[in-house]
Amino acid sequence: MTSKSPLDIVCDAGPLIHLDELDCLDLLNDFRTILVPEQVWREVERHRPELKCSDVKVERISVNISEDPAFQTQVRILMLDLGEQAALSLMALHPKAIFLTDDAAARLAAKGLGYQVHGSIGILLRAIRRRQRTHSEVLSILRDLPARSSLYIRPGLLQEIIMQLENPVD
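Just so it is clear, the structure is predicted and the values come from calculations on it, not from any experiment. (Residues numbered from 1 in each chain as written. Predicted model: local features only at pLDDT ≥ 70, side-chain atom pairs only at ≥ 80, totals over all residues. Heavy atoms only, no water.)

> Hey, could you run me through the overall build of the protein in this one?
If you tally the helices and strands in the protein, you get eight helices and five strands. Its C-alpha radius of gyration of 16 Å places the protein within 12% of the 15 Å reference for a compact globule of 170 residues. If one aligns the C-alpha atoms of the protein with their principal axes, the spans along those axes are about 45 × 35 × 30 Å. As presented, the protein carries roughly 9,100 Å² of accessible surface, and 52% of it is formed by carbon and sulfur atoms. Distance between charge centroids for the protein: 4 Å, based on 20 positive and 24 negative side chains. (Helix = DSSP H or I, 4+ residues; strand = E, 2+ residues; numbered from the N terminus. Rg over C-alpha atoms; globule rule 2.2 N^0.38 Å. Areas by Shrake-Rupley, 256 points an atom, 1.4 Å probe, with all protein chains shown as cover. Lys, Arg positive; Asp, Glu negative; His and termini not counted. Charge placed at Lys NZ, Arg CZ, Asp CG, Glu CD.)

This is the structure in structure tokens:
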């Protein structure tokens, strides 16, 4: 494995839940700091109570939701839940961090705010480059994803990702 990334991440609930379902939560250990708002952690506990993060050092942080009018307008338009609001509010304090979310609306909001955004699939693909998982291990995880995870990804998109991994263009 390569050396630890100097990047911090702010996590929404989805990637924590989905990576745990896939036995890949350890992939987050590659980041310098894993920041999780308390509001997100409560959501994780509600949907994945068995997730303990014993192998992953998570910094749970108390976050005040931004009261900025432009932010609140985005929240209403995109119907962002409390965890997503907290994670985006935390991103305002750590703008160089990467925002991890599997929610399309939260991703849209984060990109609109100028943040770098990735999801569970991106973390899985990054694992190959970072030598955390082999190419064949990631392919196997992706093929099994619909049966092992609650992550929703359009079947056609998942198949396209798998095909690109099976037939890489140099």
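On we go.
> Before we go on, may I ask you to explain unusual backbone geometry in this structure?
In most cases, non-glycine residues show a negative phi, while peptide bonds are predominantly trans. One non-glycine residue, M79, adopts positive backbone phi at about 55 degrees. With respect to the helices and strands, M79 occurs in the loop between helix 3 (69–78) and helix 4 (82–93). Its relative accessible area of 72% is what places M79 among the exposed residues. One non-glycine residue with positive phi stands out, namely R131, at about 60 degrees. (Buried < 20%, exposed > 50% of the residue type's maximum accessible area, 1.4 Å probe, protein only.)

> In this structure, what is going on with the pattern of salt bridges? I would like to understand it.
The final tally for this structure, using the stated rule, is nine salt bridges. R126 is the salt-bridge partner of D30, the closest N and O atoms lying 2.6 Å from each other. Here D30 is found in the loop between helix 1 (13–21) and strand 2 (33–37), whereas its partner R126 is found in helix 6 (residues 120–129), with 96 residues between them in sequence. Overall, R126 belongs to the buried group, its relative accessible area being 11%. (Salt bridge = Lys/Arg side-chain N within 4 Å of Asp/Glu carboxyl O.)

> Which parts of the structure should I look at to understand helix 8 (residues 155–166)?
Each α-helix winds once per 3.6 residues, and so residues spaced three or four apart point in a common direction. Relative to the 16 Å expected for 12 residues at 1.5 Å per residue, helix 8 spans 16 Å between its end C-alpha atoms, a close match to the ideal helical length. Of all the residues in helix 8, the buried ones are L158, I161, I162 and L165. All buried residues of helix 8 project into a common sector of 95 degrees when viewed along the axis, lining one side. Buried residues belonging to helix 8 abut helix 6 and helix 7 (135–148). (Expected span 1.5 Å × (residues − 1). Arc of directions from axis to C-beta. Contact = heavy atoms within 4.5 Å.)

> Before we go on, may I ask you to explain the packing of helix 6 against helix 7 in this structure?
The geometry of a pair of packed helices is captured by two quantities: the angle between their axes and the separation between those axes. Between helix 6 and helix 7, the least distance of the axes is 8 Å, while the angle of their chain directions is 160 degrees. Relative to helix 7, the element helix 6 lies roughly antiparallel. When you trace helix 6 past helix 7, the crossing you get is left-handed. Together, I121, L124, L125 and I128 of helix 6 and H135, V138, I141, L142 and L145 of helix 7 make up the contact between the two elements. (Axes fitted to C-alpha atoms, helices over the stretch in contact; angles between N-to-C directions. Parallel < 35°, antiparallel > 145°, perpendicular 65-115°, else oblique. Left-handed = near helix turned anticlockwise from the far one by under 90°.)

> Mind showing me how you'd approach the packing of helix 1 against helix 6 here?
Their axes nearest at 9 Å, the elements helix 1 and helix 6 cross at an angle of 55 degrees. Relative to helix 6, the element helix 1 lies oblique. Seen from helix 1, the contacting residues are G14, P15, H18 and L19; seen from helix 6, they are S120, I123 and L124. Tallied by class, residues from the contact of helix 1 with helix 6 come to four nonpolar, three polar and no charged. (Nonpolar A, V, L, I, M, F, W, Y, C, P; charged D, E, K, R; others polar.)

> Quick question: what am I supposed to make of the sheet that holds strand 5 (residues 116–118) here?
Two strands in a sheet stick together by hydrogen bonds in their backbones, pointing the same way (parallel) or opposite ways (antiparallel). Taken together, five strands build an open sheet; the order of strands is 3-2-1-4-5 and the sheet is parallel. One side of each edge strand has no neighbouring strand; the edge strands of this open sheet are strand 3 (58–61) and strand 5. The sheet shows a mean angle of 30 degrees between the axes of neighbouring strands, direction not considered. Pairing of strand 4 (residues 98–100) with strand 5, which is carried by three bridges, proceeds in the parallel orientation. Bridge pairing in strand 5 places I98 opposite Q116. Along the sheet face, helix 2 (residues 38–47) touches strand 1 (8–11), strand 2 and strand 3 and points at about 80 degrees away from the line of strand 2. (Pairing = 2+ DSSP bridges.)

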